[in-house]
Amino acid sequence: MNTFSPFTLSSLSFLGPELVLLSVGILLIVVDLFFENRLLLPWLTAAGTLVSLVLLFNSPSGIVFGYMYVVDAYSVFFKMVCLVGVLFTVLLSERYLTTEKLRHGEYYSLLVFSTVGMMAMVSGGDLIVVYLGLELMALSVYCLVGLLKQDSRSNEASLKYFLMGAFSTGLLLYGISLIYGLTGTTDLSMLSQRVVSLDLINNHAFLVGLGLVLVAFCFKVAAAPFHMWAPDVYEGAPSSITAFMAVAPKAAAFAVLGRVLIMGFADVHIHWGPIIAFLAVLTMAIGNIAAIAQKSLKRMLAYSSIAHAGYALLGILAGNNEGLSATMNYLFIYAFMNMGAFAILILLCDNKRRGEQLDDYRGLAKTNPLVAALMLVFLFSLVGLPPTAGFIGKFYLLVAAIHAGYIVTVVAAMIFSVISAYYYLRVVRYMYFENAVQETAAVSISPGMTAALVLAMIGMIGMATFPGPILSFAGKSLIGF
Amino acid sequence: MLSKFIFLYCALVIVITGILAVRFRNPVHSVLAVLVLFFHMAGLYLLLNAEFLAAIQIIVYAGAILVLYLFVLFLVNIRQEIKTERFVANHNISKFISFLVFLILIAVTQSFRLGTPGKWTTDAIRQATHTKALGIEIFTSYILPFEIIALILLVAVVGGILLAKQDKQEVVMAQKEGSGSLTRGGKK
Amino acid sequence: MIPVTWYLALSIILFSIGMYGFLTRRNVIIMFLCIELMLNAANLNFVAFSHYLTDLHGQVMTFFIIAVAAAEAAIGLGIVLALFRNRRTVYSDEINQLRG
């Protein structure tokens with residue numbers, strides 16, 4: 001009997017960042033139970049995230065637990081994106097939770113647990129680990145979306161998200177089961193060998209299985225035509241969680257898409273390339289065109305996040321390292337600009353108004369010039385106007401897609417980018433060229449909010465002026481592939 | 001021959017109860033149909049020499065999950081069903097989609113062939129007993145997923161309580177309207 | 001020996017029934033049950049393939065899927081309860097307004 005155990009205590013040193021987060025999550029529940037002072041919790045979470053971020057760059061890389069857990073530069077990059085997303089969310093939540101009268105302890109610990117799930121997903125070397133990480137992430141986020149229990153919009157959003165999420169899990173598992181039957185393994189690196197050795201590249205059953213997996217992840221990244229849950233869920237969820245969902249879970253899902261498609265099934269690129277191209281164009285079209293008609297800024301940002309998923313797909317579509325590194329780079333930049341825009345939205349949310357309607361932004365430049373100026377930068381970056389970081393991200397994506405030969409897709413992406421300028425710049429027009437409809441209260445800035453805004457600005461300016469380090473980091477992390 | 005007969009019986013019951021579960025108007029009937037389905041699923045697992053999973057299927061699926069569903073059904077008023085809008089608006093389109101998926105999947109069974117076999121032959125499993133064989137796998141190669149499962153269950157406990165618990169304000173509101181809802185129930 | 005395609009065909013039928021129910025029904029509890037049917041179809045595939053491949057990975061996967069399904073059911077039903085509470089209060093508010 002085989003009693004070989006891949007587990008040794010030393011494998012735990014590879015899991016440093018995850019273990020730190022895990023202990024913080026459990027600590028938060030305990031602290032919430034025994035200490036009255038709730039203001040401690042966000043700072044504890046932020047400190048835990050920072051420690052985890054530091055450990056991330058200092059822990060060894062390798063493959064542990066048999067072949068289950070892959071700690072490589074690729075996973076480190078995506079873990080970094082997820083951790084940055086969580087850090088922002090925690091800073092944004094500090095004041096928002098008190099405004100919305102949300103419970104604190106469980107909020108932060110669920111946030112942290114979902115991040116552990118994302119890290120497991122990103123590092124998963126076996127489809128089982130990917131699936132379980134996905135579930136850990138998704139189950140925590142379902143709860144977080146439904147946390148505004150008094151608000152029926154939040155309830156319905158969480159129900160809808162749960163139903164769609166569970167449905168897509170069903171598709172994912174059925175796809176995995178077909179792939180398992182055809183190859184006899186769920187180990188990603190062995191899968192790619194067996195696909196060649198068993199000659200499955202043109203096997204219909206295999207392609208259907210892969211298709212089901214692909215559809216499930218399209219649900220997760222909200223790519224059209226599987227996006228229909230996203231606008232309602234993003235609108236109903238607490239604003240801080242909406243910001244979180246648009247950045248971190250999406251990045252994790254893209255990481256898995258990249259690992260599965262480009263690492264596991266690169267040989268099948270001829271089959272999935274055109275499909276992804278079609279989905280990318282459709283996603284950009286639906287996201288950008290539907291965003292024009294929105295009256296609520298939160299819903300508009302929801303559609304914009306769908307559109308941005310379409311842009312990020314362009315890099316996956318290229319099917320090579322250049323494209324994948326462009327996608328990684330773009331997701332990192334998107335984390336900063338999206339979090340910045342949501343920070344402003346949450347900043348304007350107080351007891352009287354929710355800061356979600358476009359009308360709330362009329363005349364903002366006169367009442368709060370600094371806030372309006374910050375929003376201006378984030379919006380310009382979301383459009384992708386030249387001096388901003390958003391432009392740099394989009395530029396590399398388009399170049400990668402052109403090099404891979406998808407000229408038509410790139411032209412479509414540029415057209416939709418121009419369309420998107422209309423609705424982003426409409427907000428700018430409201431802020432600068434119109435008068436306020438109602439009396440606006442003074443904006444109260446909390447330490448967490450200040451930190452988030454400063455961090456977002458530093459990130460944006462840094463990436464716009466010195467994009468080199470991040471680009472080369474993203475590029476280098478793919479060398480081992 | 002006998003195993004084929006058992007398979008056909010289980011498959012027939014599974015398909016019939018599956019269709020019934022989807023068609024019943026009353027959710028309690030659906031849950032009961034699914035209960036029968038799960039028992040026959042366990043029968044198939046036995047046929048496949050997976051005794052431990054058959055037991056788990058009955059204990060966890062039929063015994064825990066479905067009972068949870070029944071509890072919730074009795075907690076919420078059945079007459080006042082909780083509904084959501086369809087994700088595909090048109091009834092015919094959703095019929096078409098599911099039928100299309102069915103046809104595609106059936107069509108590709110033609111090209112289905114089994115992959116590279118592993119080392120756990122039926123005899124090896126029988127020698128070690130199924131539970132032990134599964135235990136060896138779970139606690140050696142699959143120790144990391146097992147730990148993640150522990151975390152998932154923790155999240156389920158925290159999240160489930162958080163969502164289902166009544167807040168203090170809600171309790172007050174419910175008490176205020178308590179008498180009103182009683183008379184409303186009586187009138188129906 | 002039963003051919004493996006029999007199991008595959010049964011799981012396909014079960015999966016399609018689940019999908020059909022999920023897409024056509026509006027009752028949330030029945031939609032949950034339909035998702036359970038889809039998961040069971042995948043489970044059946046895993047166990048059957050694992051038996052015919054003489055490999056235990058598929059059965060381990062089934063074990064994990066059942067555990068996750070339990071967690072999923074707990075959270076899903078928690079969401080339903082929260083929604084139900086909210087709708088009930090909304091409903092009774094309407095009644096009160098009418099009596100006004």
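Keep in mind that this is a model prediction, so the values were computed, not measured. (Residues numbered from 1 in each chain as written. Chains lettered and ligands numbered in written order. Predicted model: local features only at pLDDT ≥ 70, side-chain atom pairs only at ≥ 80, totals over all residues.)

S.K.: Before we move on, can you summarise the overall build of chain B with the specific residues and values?
M.R.: Counting its secondary structure elements, chain B contains 8 helices and 0 strands. Along chain B, helices and strands appear, N-terminal first, in the series α-α-α-α-α-α-α-α. Put simply, of all contacts in chain B between residues at least 6 apart along the chain, 48% involve residues at least 24 apart. (Helix = DSSP H or I, 4+ residues; strand = E, 2+ residues; numbered from the N terminus. Contact = placed C-beta atoms within 7 Å.)

S.K.: Go over the overall build of chain A, please, and point to the residues and values.
M.R.: Across its full length, chain A holds 19 helices and 2 strands. Whereas a compact globule of 481 residues would reach a radius of gyration of roughly 23 Å, chain A reaches 22 Å, a difference of no more than 12%. Dimensions of chain A along its principal axes, counting C-alpha atoms only, are 75 × 60 × 40 Å. Looking at the 481 residues of chain A, the share that counts as buried comes to 64%. Within chain A, contacts between residues at least 6 apart in sequence are counted, and of these 79% link residues at least 24 apart. (Rg over C-alpha atoms; globule rule 2.2 N^0.38 Å. Buried ≥ 20, exposed ≤ 12 C-beta atoms within 10 Å, placed from the backbone.)

S.K.: Can you lay out the interface of chain C and chain B for me, pointing to particular residues and giving the numbers?
M.R.: At the interface, 62 residues of chain C touch 76 residues of chain B. Secondary structure elements with two or more residues in the side of chain C that touches chain B: α1 (4–24), α2 (28–52) and α3 (57–99) of chain C. Classifying every residue of the side of chain C that touches chain B by side-chain character gives 44 nonpolar, 13 polar and 5 charged. (Nonpolar A, V, L, I, M, F, W, Y, C, P; charged D, E, K, R; others polar.)

S.K.: Describe in detail the interface of chain B and chain A, supporting the description with residues and values.
M.R.: Residue-level contacts link 30 residues of chain B with 41 residues of chain A. Of all the secondary structure elements, the ones that give two or more residues to the side of chain B that touches chain A are α4 (91–108) and α7 (143–164) of chain B. The element contributing the most residues to the side of chain B that touches chain A is α7(B), with 13 residues. For the side of chain B that touches chain A, a count of residues per class yields 20 nonpolar, 9 polar and 1 charged.

S.K.: So, the confidence of the model for chain A: which residues are in play, and what are the values?
M.R.: A low pLDDT means the predicted coordinates there should not be read in detail. For chain A, mean pLDDT is 83; residues scoring 70 or higher make up 94% of the total. Per-element mean pLDDT across chain A ranges from 73 in helix α19 (residues 468–476) of chain A up to 92 in helix α5 (residues 127–145) of chain A. (pLDDT = per-residue confidence, 0-100.)

S.K.: Now, about the packing of helix α13 (residues 321–347) of chain A against helix α15 (residues 369–383) of chain A: what can you tell me, with residues and values included?
M.R.: Residue and element names in this part refer to chain A. At a minimum axis separation of 9 Å, α13 and α15 run at an interaxial angle of 145°. For the crossing formed where α13 meets α15, the hand is left-handed. Contact residues: Met337, Gly340, Ala341, Ile344 and Leu347 in α13; Val371, Leu374, Met375, Phe378, Leu379, Ser381 and Leu382 in α15. For the contact of α13 with α15, the class distribution of residues is 10 nonpolar, 2 polar and no charged. (Axes fitted to C-alpha atoms, helices over the stretch in contact; angles between N-to-C directions. Left-handed = near helix turned anticlockwise from the far one by under 90°.)

S.K.: Any details on helix α10 (residues 239–264) of chain A? Residues and values, ideally.
M.R.: An α-helical turn contains 3.6 residues, so any two residues separated by three or four positions project in the same direction. Taking 1.5 Å of rise per residue, the 26 residues of α10(A) would be expected to cover 38 Å, and the 36 Å separating its terminal C-alpha atoms lies within 8% of that figure. Taking the largest bend as the criterion, α10(A) deviates by roughly 35°, centred on Met245(A), and proline Pro249(A) comes between one and four positions later. (Expected span 1.5 Å × (residues − 1). Bend = angle between axes of the 7 residues up to and from the residue.)

S.K.: So what's going on with the environment of Val13(B)? Which residues, and what values?
M.R.: All names here are of chain B. Within the fold, Val13 resides in helix α1 (residues 2–23). It is 20 Å that separates the C-alpha atoms of Val13 and Arg25, two residues lying 12 residues apart in sequence. Those residues within four positions of Val13 in sequence are excluded, and the remaining contacts are Val36 and His40.

S.K.: Which residues make up the nonpolar core, and what are the values?
M.R.: Counting 301 residues, the largest nonpolar core has Leu136(A), Ala252(A), Leu317(A), Ala343(A) and Ile152(B) as its most contacted members. Those residues in contact with Ile152(B), other than ones at most four positions away along the chain, are Leu132(A), Glu135(A), Leu136(A), Leu139(A), Val68(C) and Ala71(C). (Core = buried A, V, L, I, M, F, W, Y, C linked by C-beta atoms within 7 Å.)

S.K.: Residues and numbers for the UniProt feature "transmembrane region" (unreviewed entry) in chain B, please.
M.R.: Residues and elements named next belong to chain B. UniProt's feature table lists "transmembrane region" (unreviewed entry) at residues 6–24, 31–48, 54–76, 96–114 and 142–164, given in the numbering used throughout. Helix and strand shares over residues 31–48 are 94% and 0% respectively, and the end C-alpha atoms of the span are 26 Å apart. As annotated, residues 96–114 comprises 68% helix and 0% strand, and the C-alpha atoms at either end are separated by 30 Å. (UniProt positions renumbered as here; feature names shortened; annotations may be inferred.)

S.K.: Describe the confidence of the model for chain B, with residues and values.
M.R.: Residue and element names in this part refer to chain B. Per-chain confidence: chain B averages 81 in pLDDT, with 85% of residues scoring 70 or above. Confidence drops under pLDDT 50 across residues 178–188; counting only partners more than four residues distant or on other chains, this segment forms 2 contacts. Taken over the whole predicted complex, pTM reads 0.90, whereas the ipTM for its chain interfaces reads 0.90.

S.K.: For unusual backbone geometry, give the residues involved together with the corresponding values.
M.R.: Its identity is not glycine, yet Ala222(A) carries a phi of approximately 60°, on the positive side. Mapped onto the secondary structure, Ala222(A) falls in the loop between α8 (204–221) and α9 (230–236). Positive phi, normally seen in glycine, also occurs at Thr54(C), with a value near 45°. Residue placement: Thr54(C) occurs in the loop between α2 and α3.

S.K.: Residue-level account of the environment of Val454(A), with values.
M.R.: Residue and element names in this part refer to chain A. Looking at where Val454 falls in the secondary structure, it is placed in helix α18 (residues 447–465). In this structure Val454 comes out as exposed when scored by C-beta crowding, with 11 C-beta atoms within 10 Å. Residues Val454 and Met300, 154 residues apart in the sequence, show an inter-C-alpha distance of 24 Å.

S.K.: How would you sum up the packing of helix α6 (residues 152–183) of chain A against α2(C)? Please name residues and give values.
M.R.: Relative to each other, α6(A) and α2(C) sit at 15°, their axes nearing to 9 Å. The angle between α6(A) and α2(C) places the two elements in the roughly parallel class. Relative to α2(C), the crossing made by α6(A) is left-handed. Of the residues in α2(C), those touching α6(A) at Leu159(A), Leu163(A), Ala166(A), Phe167(A), Gly170(A), Leu173(A), Tyr174(A), Ser177(A), Tyr180(A) and Gly181(A) are Val28(C), Met31(C), Ile35(C), Met38(C), Leu39(C), Ala41(C), Ala42(C), Asn45(C), Phe46(C) and Phe49(C). Residues that form the contact of α6(A) with α2(C) fall into these classes: 16 nonpolar, 4 polar and no charged. (Parallel < 35°, antiparallel > 145°, perpendicular 65-115°, else oblique.)

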